[in-house]
Amino acid sequence: MNEQQFFKILDAIDGMQQIQAAILADTHAMFAIVRALADANAENPVFVASLKHQVEHRLTRRLNAAEINDKQIEDFRESLKYLLPQSLRDI
């Protein structure tokens, strides 16, 4: 590997780090919005029913139908708990 190739690799890594930082920032912003919506609607029966339906749909059709392992399903459930207020975590 010559010096020029080495610097190309470093530039690529730097670019990837910038993309990862942007994805992380976007994800945290989305989490904040979702959590605010969940908190604001925790007592709304229409929201709760829709949330239950979406979670059930996601778990039974998408996660179980795909080639996803138990760890990934558990990670989904943990992420969901993180986004929901305590009163909705039994979904």
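Summary of the structure given here. Given the structure is predicted, the values throughout are model-derived calculations rather than measurements. (Residues numbered from 1 in each chain as written. Predicted model: local features only at pLDDT ≥ 70, side-chain atom pairs only at ≥ 80, totals over all residues. Heavy atoms only, no water.)

**Some words on the packing of aromatic side chains**
Stage number 1. Applying the stated rule across the entire model yields two aromatic pairs.
Stage number 2. When the ring of Phe 6 is compared with that of Phe 7, the centres are 5.7 Å apart and the planes differ by 70°; the resulting orientation is edge-to-face.
Stage number 3. On the basis of relative accessibility, which here comes to 42%, the residue Phe 6 falls in the partly exposed class.
Stage number 4. Ring plane angle 65° and centroid distance 5.8 Å describe the contact between Phe 31 and Tyr 82, whose orientation is recorded as edge-to-face. Placement of the pair is Phe 31 in helix α1 (residues 3–40) and Tyr 82 in helix α3 (residues 70–83), with a sequence separation of 51 residues. (Phe/Tyr/Trp six-rings, centres within 6.5 Å; stacked < 30°, edge-to-face > 60°. Buried < 20%, exposed > 50% of the residue type's maximum accessible area, 1.4 Å probe, protein only. Helix = DSSP H or I, 4+ residues; strand = E, 2+ residues; numbered from the N terminus.)

**Points about α3**
Stage number 1. Between its first and last C-alpha, α3 extends 20 Å over 14 residues, near the 20 Å set by a 1.5 Å rise per residue.
Stage number 2. When we look at burial in α3, the residues that qualify are Ile 73, Leu 80 and Leu 83. Looking straight down α3, one finds its buried side chains confined to an arc of 85°; they lie on one side. Of the exposed residues in α3, those oriented more than 90 degrees away from the buried face are Asp 70, Lys 71 and Tyr 82. (Expected span 1.5 Å × (residues − 1). Arc of directions from axis to C-beta.)

**Brief notes about the layout of surface pockets**
Stage number 1. In this model, the largest pocket occupies a volume close to 240 Å³.
Stage number 2. Broken down by secondary-structure element, the contributors of at least two residues to the lining of the largest pocket are α1, α2 (45–65) and α3.
Stage number 3. No other element matches the seven residues that α2 contributes to the lining of the largest pocket.
Stage number 4. Residue composition of the lining of the largest pocket, grouped by class: ten nonpolar, two polar and two charged. (1 Å grid on protein atoms, 1.4 Å probe; cavity = no way out; pocket = protein on both sides within 12 Å on 5 of 7 lines; lining within 4 Å. Points joined across faces, edges and corners; volume = space filled by probe spheres on them. Nonpolar A, V, L, I, M, F, W, Y, C, P; charged D, E, K, R; others polar.)

**Side note on the pattern of salt bridges**
Stage number 1. Here the structure, examined in full by the defined rule, presents three salt bridges.
Stage number 2. Residue Asp 39 pairs with Arg 35 through a salt bridge whose shortest N-O separation is 3.1 Å. On the criterion of helical spacing, the pair formed by Asp 39 and Arg 35 is a turn pair, its members being four residues apart in helix α1.
Stage number 3. Judged by its relative accessible area of 26%, Arg 35 is partly exposed. (Salt bridge = Lys/Arg side-chain N within 4 Å of Asp/Glu carboxyl O.)

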